[in-house]
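# Coordinates in review
In case you want the letters, here they are:
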Amino acid sequence: MSIAASIIASTLNAGTPLLIAAAGIVIHEKSGVLNLGIEGIMLMGAVTGFTVTLSTGSFALGFFAGAGVGILLGLLFAFFTLGMHANQYAAGLALSLFGAGLSAFIGKPLQGQALAERSVSGIPGLENIPFFGEAFFSQHLLVYGAWVLIAAVWYFLFRTRAGLVLRAVGESPQSAFALGYPVLRIRLFAVLFGALCSGVAGAYLSLVYTPLWVEGMTAGRGWIALALVTFATWRPLRVVVGAYLFGGVTMLQFAFQGMGISISPQFMAMTPYLATILVLVLISRNPAWIRLNVPASLGKPFSPKG
């Protein structure tokens, strides 16, 4: 029971950064903007959050710093893609490389540094319940925040007028603009929200998941988050399945090692990525369903001048 509770708790912990990043990706892709720079934004959020927390001792300031640098990089991406009408694919790849290189440069002196001990998190009164307390109610507050976030994203997209407008912009920006909606402003806010979520997800990695800084510590999670959203056909609740599947397989490899099961570490390292992609491919095996749900203008620039 204790081993099972530990695996569940670790799965929730490992899946949280993916869930936070994917929630933001759903929003900006639904508006028609494709940002392939998520990996770079997460890395910058991780190194910035770690630096600020190491300097101030405040984990809250570290998360705010991660969110702030995410917004700044989102503004940079928006300047080129929305302002200058640059190719979104090229700009996103450039942002990913930029974030990886700059984070490595900033984080070089931080290797081996340790953070101050973090106060114990969880839901007071519930964390002591046998099994369930350890498995579900002893997490960092952002784990529960991610659940609220993904539910809010679902509600916003499919139950509010603003969400309907956002989806209309992603489907046909020309028609939305003709009806008087500020397409570029809507896309800007969507991009900034997505970048903010990615920055917070990166900060979670360096402050909670593995409270240290290591160059390239996202290990492709930005790309996995992008894949989750696509294979989940832009459905927030399907994203939850993919995120926790990745987290579960990631933790399973450590459970095998703890039980003394001898498996090649290289094979175990690739297993979470392989399992996530395979299952999501099975979920989205109907190409017509993907074509039906993909925003029609995804990755296509829009100019009010035509």
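The preceding data block contains the structure.
Everything numeric here is computed off the predicted structure, so don't read it as measured data.

Quick notes on the rules
- Residues numbered from 1 in each chain as written.
- Predicted model: local features only at pLDDT ≥ 70, side-chain atom pairs only at ≥ 80, totals over all residues.
- Heavy atoms only, no water.
- Patch = residues over 30% accessible without salt bridge, like charges linked within 9 Å, V, L, I, M, F, W, Y side chains within 5 Å.
- Areas by Shrake-Rupley, 256 points an atom, 1.4 Å probe, with all protein chains shown as cover.
- Salt bridge = Lys/Arg side-chain N within 4 Å of Asp/Glu carboxyl O.
- Helix = DSSP H or I, 4+ residues; strand = E, 2+ residues; numbered from the N terminus.
- Buried < 20%, exposed > 50% of the residue type's maximum accessible area, 1.4 Å probe, protein only.
- Phe/Tyr/Trp six-rings, centres within 6.5 Å; stacked < 30°, edge-to-face > 60°.
- Core = buried A, V, L, I, M, F, W, Y, C linked by side-chain atoms within 4.5 Å.
- Contact = heavy atoms within 4.5 Å.
- Arc of directions from axis to C-beta.

A contiguous nonpolar patch, built from Leu76, Phe79, Phe80, Met84 and Phe98 and spanning about 490 Å² of accessible area, is present on the exposed surface. Of the residues forming the nonpolar patch, the biggest block, 3 residues, is contributed by helix α3 (residues 59–83). Locating Leu76 in the fold gives a position in helix α3. By relative accessible area, Leu76 is classed as partly exposed at 34%.

Two aromatic rings are characterised by how far apart their centres lie and by the angle between their planes. If you walk through the whole model with that rule in mind, you get 6 aromatic pairs. Ring centres of Phe79 and Phe80 lie 5.1 Å apart, and the angle between their planes is 75 degrees; this geometry places the pair in the edge-to-face category. What makes Phe80 partly exposed here is its relative accessible area of 39%. Chaining the aromatic ring pairs together yields one cluster made of Phe131, Phe132, Phe136 and Phe137.

Time to look at the nonpolar core. Counting 75 residues, the largest nonpolar core has Leu19 and Trp213 as its most contacted members. No other element matches helix α9 (residues 183–209), which puts 14 residues into this core. If near-sequence neighbours (up to four positions away) are discounted, Leu19 is found in contact with Ala146, Trp147, Ile150, Val239, Val240, Ala243 and Tyr244.

A few words now on unusual backbone geometry. The phi dihedral of Ala219 falls on the positive side, at around 50 degrees, and the residue is not glycine. Structurally, Ala219 can be placed in the loop between α9 and α10 (221–231). Classification of Ala219 as partly exposed rests on a relative accessible area of 39%.

Listed in full, the buried residues belonging to helix α7 (residues 161–171) are Gly163, Val165, Leu166, Val169 and Gly170. Axial view of α7: buried residues confined to an arc of 160 degrees, hence all on one face. Of the surrounding elements, those touching the buried residues of α7 are α1 (2–30), α6 (141–159), α8 (173–178) and α9.

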